[in-house]
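Chain residues, written in single-letter form:
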Amino acid sequence: MERRAVYRNKVLPWLLIGPQLLLVLVFFYWPTSQALYWAFTLEQPWGGGNLWAGLDNFLYIFRDDRYWGTVLRSGFYALAATGLSMLVALTLASFVDRALKGTKLFQSVFIWPYAIAAPAAGVAFRFIFSPEAGLVGAINDIWPGVWDPATNGIHALAMVIVCHAWLGIGYNFVFFLAALQMIPRSINEAGAMDGARPFRRMLDLQLPLIAPTAFFLLIMNIISSFTDSFGLIDTMTEGGPIGQTEVMVYKIYVDGFKGLDYSGAAAQSIILMLLVIGLTFIQFKWVERRVHYN
Amino acid sequence: MKSNWLLSAALGATALTFASAAPAAAATKFEFWYGLSGDLSERVQEMCSRFNASQADYEIVCVSQENYENNLQNTIAAFRANKQPTVTQISDGGVVDLMLSGAFLPVKQLMEENGYTIDWSNYFSGIASYFSTSKGELLAMPFNSSTAMYYYNTDALKAVGFDGLPETWEQVEDVARKMKAAGYACPIAFDPTGQWQWWEQFSAIHNQPIASKGNGYGGLDAEVEFNKGKFVQQLAWFKKMFDEGLMVHKSKAAGQTANEAFTAGDCQMTSSSIADHGSFSKQAKDGVHWDVAMLPIWAGTERHNSLVGGAALWTLKGKSAEEYKGAAAFYNFIAQPAEVQHWSTITGYIPVTNSGFESMKAAGFYDAAPYKGRELAIKSLTFTPVGEYTRGVRLGNFGAVRKEIQNAMQAVLFDGVDPQKALDDAATRSNEVLRKFEQTYKGQQLP
């Protein structure tokens, strides 16, 4: 039987959710509606007038092969950063879950990267990966010119992805560890008695059981890579060299704020927003179903 | 969704800025946003203090926005939220957008209305042509003006047996080659994001069109033409020099900027603004001797005047009459010969008036170190009377066009793209930017 707490007072609930609604309205719906309006007009940078442009801004973007370049790059970035981050986090979590020596310490240590702001991490990693002065740059002493993110787009993109993945490890680790500890000990022990080694138990027992968590993390990581990559790219490469680290969110910034093309940037942000809404939708659908199944 | 975040962040930052500006007490307070940082920012703050100390009616509050680009972005965000400063510093690249916006008060009108007489013909014609209407009405107050120069390490020149300073690109290539042979790892520091000195100024002194219709002065329907002139060969030459290790990539991304490499003695030649003359004097490592010269030209070509760089002060609409009085008083203050001279001395920016320059020259300012050589900037700016392609560049969203050139230079240097193809691509994209800009301001004319 369904049980619900019901407010008899008609005004109180609205008062209670009022502040939150106001925040969402001011910081989400109002800017979004502005962006939507600009996406269908030609907006003058300094304000003071705009012209109806219909779908022109969108057609302009879709015709631009450089835009598709950033879409592909964003996709690759999302998969690579997510894959790397989740793999490392899962490995760490499964070791911590096995209650080895020092587990208590590692439980908290592995979460720390999540507490570091992206731009701060970006500055640190830019130094670490700097071709002339950095730690990784030391390999240039052995093989000159082998590592140069300042001129090589692939190196630069790899550098940003590694940094992004590193930042996400803490978050993924917490969820994986929690999921692993939710699995009843008896299942694992039964597997062990049947002679399955830890890696086999991981593949056949634990992974299927933490699949819902893994899926949730997958979606969250992908969404985060679409939006949170901005701070990293801005501090590490500013989209360069030759725009080869420009992902969708960074192109919005470059076109809108540096190029003063507010309308083009607004149209791009609408596309990105639809993409994120789509991913969120998939996640809700899928996660709901899995929860009922379990 | 990111743009929402950015927008709210921008609004939040703006709100914070204004929360810290307390309401006027006795003196009328007004704000001045500028795009300089570090040493130059401190010089601006000192100027503001001098103005505040010089009178009791107005108080100027000077806020650094780090660089021109940020200042433009923040000023626009503030203007749209009706929180703009009274005075803002906008550089050459942002002029057209601002001109068409009608968001400003022309400086000539402002000064007349507030009872100041300023001899506008006293300002250098190159500066005036960048910041005034086609009819010659000056729209913004000339403030910090510069042009691009070429800097040499004189010890390295001596080491390869070159007397004096090179004047042509042929000589530059020759000394670079000799320096390399003599064991200098980096003869020329090259920053591909320095399109201002390597591309715009090159085009001007060789009288090459950047865009049709007199670099855009003739109307918003101008098209870029930088892919048809001498710059194509120049970019191919950059590539050749880069591949031979005679030019070395130095930039923020590489971990050392071109200026840092030069003052540290790591690179022996670089091209930069005359405004860096002051900081080079201060920052040059012990034992690094250097000198400055006009940009080299190709032998057999005729030298034209270089473009004025830097920025001017724009008075934004929507403020009170009292604040405008304050702004006018401030402009009048910085136009005084003593102040012009002081500002030029401590920075390296050129004195913006003819009389300022003459009086400094007469006083022997340019005769000895550390200021010797700065007069060459004036020589470069006034080498010929400003012509169709040397008065400036008047293109909408010029920042986006500059970015295309940066990308083209990087693509040629780093990825081996053919210079003609890279510039053709950049031109196609630049023209799209210009057409979109023209659409946005449909039916409007350049003032």
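Residues numbered from 1 in each chain as written. Chains lettered and ligands numbered in written order. Predicted model: local features only at pLDDT ≥ 70, side-chain atom pairs only at ≥ 80, totals over all residues.

Turning to the overall build of chain A, a few remarks are in order. Each helix and strand in chain A was counted, giving 13 helices and two strands. By principal-axis analysis of the C-alpha atoms, chain A measures approximately 75 × 75 × 30 Å. In chain A, once contacts between residues fewer than 6 apart in sequence are set aside, the share between residues at least 24 apart is 67%. (Helix = DSSP H or I, 4+ residues; strand = E, 2+ residues; numbered from the N terminus. Contact = placed C-beta atoms within 7 Å.)

Here we come to the packing of helix α3 (residues 65-97) of chain A against helix α10 (residues 211-227) of chain A. Helix-helix packing is described using two parameters, namely the angle between the two axes and the distance between the axes. Residue and element names in this part refer to chain A. At their nearest, the axes of α3 and α10 sit 9 Å apart, and the two run at 130 degrees to each other. When the axis of α3 is compared with that of α10, the two are oblique. α3 and α10 meet at a crossing whose hand is right-handed. Residues Ser-74, Tyr-77, Ala-78, Ala-81, Thr-82, Ser-85 and Met-86 of α3 lie in contact with α10, whose contacting residues are Leu-217, Leu-218, Asn-221, Ile-222, Ser-225 and Phe-226. For the contact of α3 with α10, the class distribution of residues is eight nonpolar, five polar and no charged. (Axes fitted to C-alpha atoms, helices over the stretch in contact; angles between N-to-C directions. Parallel < 35°, antiparallel > 145°, perpendicular 65-115°, else oblique. Left-handed = near helix turned anticlockwise from the far one by under 90°. Nonpolar A, V, L, I, M, F, W, Y, C, P; charged D, E, K, R; others polar.)

The peptide bond linking B:Ala369 to B:Pro370 adopts the cis configuration, its omega dihedral lying at 0 degrees. Note that B:Pro370 resides in the loop between α16 (354-362) and α17 (375-381). You will see that A:Ile242, though not glycine, has its phi angle at about 50 degrees, which is positive. Within the fold, A:Ile242 resides in the loop between α11 (229-236) and α12 (248-258). The backbone of B:Asn207 shows a phi angle near 55 degrees, a positive value even though the residue is not glycine.

On to the sheet that holds strand β6 (residues 148-153) of chain B, then. All names here are of chain B. The five strands are arranged β8-β7-β9-β6-β10 in an open sheet whose pairing can be described as mixed. Edge strands, defined here as strands with exactly one partner in the open sheet, are β8 (247-249) and β10 (290-293). Ignoring strand direction, the axes of neighbouring strands in this sheet form an average angle of 30 degrees. As defined by bridge partners, strand β7 (residues 186-190) adjoins strand β9 (residues 267-273) across two bridges and the pair is classed as parallel. Directly across from Cys-186, in β9, lies its bridge partner Cys-267. (Pairing = 2+ DSSP bridges.)

Attention now moves to the pairing of strand β3 (residues 87-91) of chain B. Residue and element names in this part refer to chain B. Counted residue by residue, β3 has five buried out of five residues, so it is predominantly covered. Here β3 shows no split at all, with Val-87, Gln-89 and Ser-91 on one side and Thr-88 and Ile-90 on the other all buried. Where β3 meets strand β11 (residues 309-316), five bridges bridge the pair, whose relative direction is antiparallel. Each bridged residue has a counterpart across the sheet, and for Val-87 the counterpart in β11 is Thr-315. (Buried ≥ 20, exposed ≤ 12 C-beta atoms within 10 Å, placed from the backbone.)

Another aspect to go through is the packing of α11(A) against α12(A). Residues and elements named next belong to chain A. Running from amino to carboxyl end, α11 crosses α12 at an angle of 60 degrees, the nearest separation of the two axes being 8 Å. Considering only the axes of α11 and α12, their crossing is right-handed. On α12, the residues touching Ser-229, Phe-230 and Ile-233 of α11 are Val-249, Tyr-250 and Tyr-253. Classifying every residue of the contact of α11 with α12 gives five nonpolar, one polar and no charged.

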